[in-house]
Amino acid sequence: MLELVLIAFAKCVFLFLAFLLGGAAILSWVERKMSAVIQDRIGPNRAAVFGFTAFGLFHPIADGIKMLFKEDFVPARADKILFFFAPVLSFVPPLLAFMAIPFGPPVAGREWLMVSDSQMGLLFLLAVASIGVYGHTLAGWSSDNKFSLMGALRTSSQLFSYEVGLTLSLLGVFMVYGTIMPQAIIGGQSELMWGWLPRWGIVTQPLGFILFMLASIAETKRAPFDLPEADSELVAGYSTEYSSMRFAMFFLSEFVGILLVSAFGAVLFLGGWNIPFLAGDAWWVVLLQVGAFLAKVGALVYLQMLVRWTVPRMRFDQVIDFGWKYLIPFGLLNLLATAVVLAVWR
Amino acid sequence: MEPILFAVLAAVALVAAVATIAWRNPLRSAFSLIVCLFALAGMFVTLFAHFLAAMQILVYAGAIMVLFVFVIMLLDLSGHGSELKLRILPVLGSLAVLAVAGKFAKTVLSTHPLVTDVPPAVPDSFGTVPGVAELLLGQFLLPFELVSLLLLVAVVGAVVVARRRFWREGK
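Along each chain, residue indices are assigned from 1 in the same order as the chain's sequence is written. Written order determines the labels here, with chains lettered from A and ligands numbered from 1. Local features are withheld for residues below a pLDDT of 70 in this predicted model, meaning they are given only at 70 or higher, and side-chain atom pairs are given and counted only at 80 or more; totals for whole chains, interfaces and linings count all residues. Note: side-chain values were computed over all heavy atoms of the structure, leaving out hydrogens and water.

Asker: Looking at this structure, how should I read the overall build of chain B?
Answerer: Helix and strand labels come from DSSP, where a helix needs a run of H or I of at least four residues and a strand needs a run of E of at least two; each type is numbered from the N terminus. Along chain B, the regular secondary structure elements total six helices and zero strands. The order of helices and strands in chain B, counted from the N terminus, is α-α-α-α-α-α. To sort residues, take the accessible area from a 1.4 Å probe on protein chains only and compare it with the maximum for the residue type: under 20% means buried, over 50% means exposed, and anything in between is partly exposed. Looking at chain B as a whole, 24% of its 171 residues are labelled buried. A 1.4 Å probe and the Shrake-Rupley method give the accessible areas. Residues count as covered only by the protein chains that appear here. Just so you have it, chain B exposes about 12,700 Å², and 76% of that area is on carbon and sulfur atoms.

Asker: It is not clear to me how the packing of aromatic side chains should be interpreted in this structure. Could you clarify?
Answerer: The way to describe two aromatic rings as a pair is by their centre distance and the angle between their planes. Residue and element names in this part refer to chain A. When two rings of Phe, Tyr or Trp (its six-membered ring) have centres within 6.5 Å they constitute a pair, described as stacked for plane angles under 30 degrees, edge-to-face for angles over 60, and tilted for the intermediate range. Under the definition given, this model contains 14 aromatic pairs over all chains. Aromatic pair F84 and F85: ring centres 5.4 Å apart, planes at 75°, arrangement edge-to-face. On the basis of an interplanar angle of 40° and a centroid distance of 5.3 Å, the ring pair of F212 and F269 is categorised as tilted. Pair noted here: F212 is in helix α9 (residues 206-219) and F269 is in helix α11 (residues 244-269), with a separation of 57 residues, a long-range link. Of the two residues, F212 and F269, neither departs from the other in class, the shared state being buried. Chaining the aromatic ring pairs together yields one cluster made of Y162, F225, F322 and Y326.

Asker: Got a minute to help me understand the environment of L259 of chain A in this structure?
Answerer: Residues and elements named next belong to chain A. Summarising the element assignment, L259 is placed in helix α11. Taking relative accessible area as the criterion, L259 reaches 5% and is therefore assigned buried. It only takes one pair of heavy atoms within 4.5 Å for two residues to be counted as in contact. In contact with L259, other than residues within four places in its own chain, are F19, L20, G23, A24, L27, F98, V297 and V301.

Shown next, in the form of structure tokens:
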């Protein structure tokens, strides 16, 4: 019992420090550099240690130090309790959701590369991720600021609308592989169709993948769906009144959210840690598979960032219309088509 | 391990439930209710009902309560809700609580001794997705489909009620 708890704790610490904090810091750099390249600028290149700038890689550290030493401001009429809990509530759920993500195959018969292989499977991830909306909603409401409140209202209506579409887009995958357990889904995707085509989710559920990508960009609240914090209309939306480390938590939670939906997409649609035509349990195979998983996550993150800096912001009624009138009907259609095909196939 | 978990979760659920009705501020009440739902989901896990626990959070805490919070924020921007002042409400509420508590007490007393050292005999699939699916879509298929129909009727009814005003004003 104690051993299990200790192992799970160690895995959590490693996941948190190495993957999420490191990943989020690097993502903030990637985002700034990518936006700079897309907009024909140079981007961050000033932070230097002993004259080395390392392509601006020291900027996330400099940002972090700056955030820590800024004044921590709380509006006089803010709801103190909720104002305090809001950043925590936005930061913790995406971290928790990573518990259900397998980073590699079982090693020596145990899930060393996955925090918890619970019976809830990927439903756990969906359930916990659906809680994240409260952080942003609370932040906007408790700040006692019109812009914040508008941001909070937009957050709750937008995220609620797209969560339905997101869940619908996943049901097809669950049906094709007949399970909600992540390792079993990856196992199903490791097979080959007709002896040469990997049976990845993107092959068996192409429409589902497109719907998932659209819904997941909306769930991370980034352009073209960044209405909750639309800078030109709402100052900074729900996080307008936040400063210092509290703001940094919203900032980090956004990047952890990107990592989360990308890892989720990689598990469901890109075969997780599977490398086609490569199997075995030698140490270098496992290492390659973990690398493949990280590369797939990176590819999806890249796709998300590309969309974020290329497509302009939609109007809010368009966002809601798109969610309810296109995403959900197409999700239902995909579900029906999958069910019919599966029924005929068997 | 289980008794400790139960004690912690039960305490959290009780405190949150009391807080739900004790806060004056409706949004704080809503969040207390969410905490209570989480504690209940944790209890479902200790009872091996994994699917139910996930659904509790996904549907109740994650979807229905979001709508609650959304409506509260739309209706009540100042944060000080109008208080219903009906003298009869406390009396009716107390009666309802007593009735439910009496029913629970009766059930508990009739199944004495409540706490046994023997874990309940459940099949391996209990509480997992296949187990719940077999029950819902096999043994209880007809009630399940009837509930879906009921929900559909409720949705159509809500739309009709909400749209009637627009129809009158519009054309």
